[in-house]
Amino acid sequence: MNNPNDNTRQLEENINFLNSLSNQLAESIHGIEGESGMERITASEVQTIKEILKKEDTTAAILRHFKTSSLSRSMDLPFAKETVGIVATLASVENDAISRILSEYLGLANMLAIVCKTSEGVKSLEDPFVGGFVPNDPQKNLALPMPRLPNGECPEGFIDYAVNMIHLDHNHVSFVTAGGHGLRETLFYALFSQVQVYKTRNDMMHALPCIHDGALSLDGGMMKKHGVFSFGSRNGVEVQFPLTPGLSDLPENLIEAEERLRQLQWEKTKVEADVKRELKLLDDLEGTSQGNDYLL
């Protein structure tokens, strides 16, 4: 029969090893972020954050206030460590027109939604896009099929799928869930599905036979999944995706750094899951031991 003390000692050694490994991965991640200059923030991002902070009664505003205060450095609160960020700050887009229509399509509640790291927080996102990625794409755009009209042609004015028109910033392109899935194929695919984006409302209307999950147009057209149409100008969107400083010509070292960062983040996530599992086993073992002592 195994000695309970030996089992406890083994679990404690496992936990110490895993914690050490997690710390090493964290240091590697921090080093890559520093070397590749991934901590930049643009004026557009500042404006997005300002709009979030105006929503003082929302969890998103409270989270932003906390992260920018001295408390975030002096207090070790689980809720801050377990959040990835606010939807509106996780990605950027190429221009103001795209920012407006995508942000309006999601609505304020979704733009201010908080994304979590924990298995409980991402459980609803763990049924992701099933398919591959665009080859050699550092942004991990989804390899979605081109829409086709009944005659087999791609509809005129089609630009792309909304889920592929967002640019994940350098701090989040490498994020992966415990299952190894990134934000684009989980969170943003859950939000946008296969919503198509067209140049004009006329283009969108002509493409109706091949639109299934909704569509948007750069001049203000919007069609929801169940055939609800909205045209013309509407009230200004309060919280929008920030604009990216540039989507092309990324340095090759930055592309390689993002891929390495993605791998390290996944490894760290898996190690953290292993730590939680070992801690649970240790708690169960100690509880059983205390119960036996009590019965004696």
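Residues numbered from 1 in each chain as written. Predicted model: local features only at pLDDT ≥ 70, side-chain atom pairs only at ≥ 80, totals over all residues. Heavy atoms only, no water.

The name an unreviewed UniProt entry assigns to the protein chain is Protein DEFECTIVE IN MERISTEM SILENCING 3, from the organism Crotalaria pallida.

Draft legend 1. Spotlight on the nonpolar core. Ranked by internal contacts, the top residues of the largest apolar core, which has 49 residues, are Leu102, Leu183, Phe188, Phe192 and Phe241. Listed by contribution, the elements that provide at least two residues to this core are helix H3 (59–67), strand S1 (83–86), helix H6 (96–111), strand S4 (158–161), helix H8 (184–192), strand S6 (196–198), strand S7 (215–217) and strand S8 (222–223). Per-element tally for this core: the top contributor is H6, with 6 residues. If sequence neighbours within four positions are ignored, phenylalanine 188 has contacts with Val87, Leu90, Ala91, Val163, Ile166, Leu168, Leu183, Ser193 and Phe241. (Core = buried A, V, L, I, M, F, W, Y, C linked by side-chain atoms within 4.5 Å. Buried < 20%, exposed > 50% of the residue type's maximum accessible area, 1.4 Å probe, protein only. Helix = DSSP H or I, 4+ residues; strand = E, 2+ residues; numbered from the N terminus. Contact = heavy atoms within 4.5 Å.)

Draft legend 2. Geometry of the pattern of salt bridges. In the structure shown here, the tally under the stated rule is 5 salt bridges. Aspartate 219 is the partner of arginine 201 in a salt bridge, and the nearest nitrogen-oxygen pair spans 3.6 Å. Taken as a pair, arginine 201 in helix H9 (residues 201–206) and aspartate 219 in the loop between S7 and S8 lie far apart in primary sequence, 18 residues in all. (Salt bridge = Lys/Arg side-chain N within 4 Å of Asp/Glu carboxyl O.)

Draft legend 3. Fine view of H6. Compared with an ideal rise of 1.5 Å per residue, which puts 16 residues at 22 Å, H6 spans 16 Å between its outermost C-alpha atoms and falls more than 12% short. At tyrosine 105, H6 shows its maximal bend, which comes to roughly 60°. When we look at burial in H6, the residues that qualify are Ile98, Ser99, Ile101, Leu102, Ser103, Glu104, Tyr105, Leu106 and Met111. For H6, the elements touching its buried residues are S1, H8, S6, S7 and S8. (Expected span 1.5 Å × (residues − 1). Bend = angle between axes of the 7 residues up to and from the residue.)

Draft legend 4. Up close: unusual backbone geometry. Phi at lysine 140 takes a positive value of approximately 55°, unusual for a residue other than glycine. Position of lysine 140 relative to the elements: it lies in the loop between helix H7 (119–122) and S4. Using a relative accessible area of 19% as the deciding quantity, one classes lysine 140 as buried. Unusually for a residue other than glycine, serine 193 sits at a positive phi of about 50°. Inspection of the secondary structure assignment puts serine 193 in the loop between H8 and S6.

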